[in-house]
Amino acid sequence: MHKFAGHRDFPHSIDVLSDREVAVFALIAAGHGTGQIAKELGICRKTVETHCEHIKLKLSYPNAEALHRGARESLGTAEHPAQNP
């Protein structure tokens, strides 16, 4: 799993996810779409969608947008908006 997250330590809340869910979560954080994740992991798109639903339930994300934002924030890949001087 460290391969997918760039050898980072996972936030504590991610401990509730299965190894496959962590892999999907890390690929979401990296900006991959459902099709890309399926291809990377060698699984079908429907399985990726199911993993996403389970992740949303386990981590209390209300929707896909929150899941994507949370993945980026949790794994440290969130883009920071430029600040005006």
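Since the structure is predicted, the reported quantities are computational estimates derived from the model, not experimental observations.

Undergrad: Break down the nonpolar core for me, citing the residues and quoting the values.
TA: Core analysis: the largest hydrophobic core is formed by 22 residues, its most contacted members being Leu-17, Val-24, Phe-25, Ile-28, Ile-37, Ile-55 and Leu-67. Where this core is concerned, the elements lending two or more residues are helix H1 (19–29), helix H2 (34–41), helix H3 (45–59) and helix H4 (64–74). Broken down by element, the residue count for this core peaks at eight residues, all from H1. Here Ile-37 is in contact with Val-24, Leu-27, Ile-28, His-32 and Val-48, once residues within four sequence places are set aside.

Undergrad: Pulling in residues and values, what's your account of the side chain of His-51?
TA: Secondary-structure assignment places His-51 in helix H3. With a relative accessible area of 15%, His-51 lands in the buried category.

Undergrad: Account for the side chain of Lys-56, with residues named and values stated.
TA: As for its placement among the helices and strands, Lys-56 is situated in helix H3. If sequence neighbours within four positions are ignored, Lys-56 has contacts with Tyr-61, Asn-63, Ala-64 and Leu-67.

Undergrad: Go over H4 with me, naming the residues and quoting the values.
TA: Restricting attention to buried positions, one finds in H4 the residues Ala-66, Leu-67, Gly-70 and Ala-71. An end-on view of H4 places all buried positions within 135° of arc, on one side of the element. Facing away from the buried side of H4, by more than 90 degrees, are the exposed residues Glu-65 and Glu-73. Contact partners of the buried residues in H4: H1 and H3. Structurally, the start of H4 carries an N-cap: the backbone nitrogen of Glu-65 is 3.2 Å from a side-chain oxygen of Asn-63.

The rules behind each value
Residues numbered from 1 in each chain as written. Predicted model: local features only at pLDDT ≥ 70, side-chain atom pairs only at ≥ 80, totals over all residues. Heavy atoms only, no water. Core = buried A, V, L, I, M, F, W, Y, C linked by side-chain atoms within 4.5 Å. Buried < 20%, exposed > 50% of the residue type's maximum accessible area, 1.4 Å probe, protein only. Helix = DSSP H or I, 4+ residues; strand = E, 2+ residues; numbered from the N terminus. Contact = heavy atoms within 4.5 Å. Arc of directions from axis to C-beta. Polar contact = N/O pair within 3.5 Å; in protein donor to acceptor, adjacent residues only side chain to side chain.

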